[in-house]
Amino acid sequence: MTDALSYVNENLAAIRENIAEAADKCGRRAEEIRIMAVTKTVAPETVNRAVELGVTLLGENRVQEFLSKQEAYDSSAEIHFIGHLQTNKVKYIIEPMTMIQSVDSIKLAQEINRLASAHNKVMDILCEVNIGGEESKSGIAPDSLAELIEAAASMENLRVRGLMTIPPPASGDIFLGRMEELFHKVRNSAGLSMDVLSMGMTHDYADAVKHGSTLVRIGTGLFGARDYSKK
Ligand SMILES: *Cc1c(COP(=O)(O)O)cnc(C)c1O
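Note that the structure is predicted; figures quoted are calculated from it, not measured.

Caption draft 1: Representation of the nonpolar core. Ile112, Leu145, Leu163 and Leu222 are the most contacted members of the largest nonpolar core, which totals 66 residues. Excluding residues within four positions of it along the chain, Leu222 makes contact with Tyr7, Val8, Asn11, Leu12, Ile15, Ala37 and Ala50.

Pasting the structure below:
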């Protein structure tokens, strides 16, 4: 490919290679790890290039931005919501999304359950954990996670698939390791068998793979630096 978007191809090839290498080092198979393309501030045609190249999953942070780009997306990709979600915005994403990764309160779980039920749908969710205990971040505290899982597991139109986290920046491996432990501890609780650990971004996805991640969320590593002036 020699066109203007060929960098997406090169970046994706490098990401796949890094994942394969990290997986190999710890006795995992690269196919166990799914690559999500995180689309914030990225033009739909650039996002669609990633889909053409075989990325099957897009990650959306902002409801408003998603609504403005939705129609232009290649409809073959699956879409998950990964941003902070207000209960009054759930109605806009309940139909087009197949998973909401950022559930961090019982109240939000209840609202997703209510709307999923109204749409005759069972929504896959992940519980977002604030593993670094950062004031500024969303996510549930590890101490309150069991309560959230139990509540969500009892809701008929939710399927609790696992955990998601954004560790503190430049924290090395510590929090990735804590998330791995936490995931193993809770994955079979409340009669569930969770299969998704969404962990790892551009700067730490290889380490996240070593700590059991099954889904890495990549933005800048795939599409280049974000230009917030455009969005
Ligand atoms: C932006 C974002 C990412 C991707 O971050 P990069 O560092 O650009 O790879 C992943 N997860 C969430 C929740 C994000 O908001």
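Don't stop here, the text continues.
Caption draft 2: A look at the site of the ligand. Around the ligand sit Val38, Lys40, Asn61, Ile82, Ile166, Met201, Thr202, Arg217, Ile218, Gly219, Thr220 and Arg226, and that is every residue in its neighbourhood. In the environment of the ligand, an oxygen atom lies 2.7 Å from a nitrogen or oxygen atom belonging to the side chain of Lys40. For the ligand, the protein covers 90% of the area, taking 380 Å² as the surface of the free molecule. Most atoms of the ligand, that is more than half of them, are within 2 Å of grid points of the largest pocket. Here the residues of the shell around the ligand are counted per class, giving 5 nonpolar, 4 polar and 3 charged.

Caption draft 3: Quick look at the pairing of strand 4 (residues 99-103). Most of strand 4 sits out of view: 5 of its 5 residues are buried. Sheet analysis places strand 3 (residues 78-81) next to strand 4, joined by 2 bridges and oriented parallel. Counted as the bridge partner of His80 is Met99 from strand 4. Summarising the sheet, strand 4 and strand 5 (residues 123-129) pair through 3 bridges and their orientation is parallel. Within strand 5, the residue paired with Val103 across the bridge is Cys127. A crossover links strand 4 with its parallel partner strand 5, the connecting element being helix 5 (residues 106-118), and its sense is right-handed.

Caption draft 4: Spatial organisation of helix 2 (residues 44-52). Across the 9 residues that make up helix 2, a large majority, 7, are buried. When helix 2 is considered as a whole, its buried residues turn out to be Pro44, Thr46, Val47, Asn48, Arg49, Ala50 and Val51. Packing partners of the buried residues in helix 2 comprise helix 1 (6-25), strand 2 (57-60), helix 3 (63-69) and helix 9 (220-223). Of the residues trailing helix 2, Gly54 is marked for its positive phi of about 110 degrees.

Caption draft 5: Molecular detail of the layout of surface pockets. Its boundaries defined by the atoms lining it, the largest pocket holds a volume of some 290 Å³. Lys40, Asn61, Ile82, Ile166 and Met201 are, among the 17 residues lining the largest pocket, the residues nearest its centre. Residue composition of the lining of the largest pocket, grouped by class: 5 nonpolar, 8 polar and 4 charged.

Cut-offs used in this document
- Residues numbered from 1 in each chain as written.
- Predicted model: local features only at pLDDT ≥ 70, side-chain atom pairs only at ≥ 80, totals over all residues.
- Heavy atoms only, no water.
- Core = buried A, V, L, I, M, F, W, Y, C linked by side-chain atoms within 4.5 Å.
- Buried < 20%, exposed > 50% of the residue type's maximum accessible area, 1.4 Å probe, protein only.
- Contact = heavy atoms within 4.5 Å.
- Near = heavy atom within 4 Å.
- Polar contact = N/O pair within 3.5 Å; in protein donor to acceptor, adjacent residues only side chain to side chain.
- Areas by Shrake-Rupley, 256 points an atom, 1.4 Å probe, with all protein chains shown as cover.
- 1 Å grid on protein atoms, 1.4 Å probe; cavity = no way out; pocket = protein on both sides within 12 Å on 5 of 7 lines; lining within 4 Å.
- Sits in = over half its atoms within 2 Å of the grid points.
- Nonpolar A, V, L, I, M, F, W, Y, C, P; charged D, E, K, R; others polar.
- Helix = DSSP H or I, 4+ residues; strand = E, 2+ residues; numbered from the N terminus.
- Pairing = 2+ DSSP bridges.
- Right-handed = clockwise from strand over helix to strand, strands pointing away.
- Points joined across faces, edges and corners; volume = space filled by probe spheres on them.

Read these as layout, nothing more, since geometry by itself doesn't imply function.
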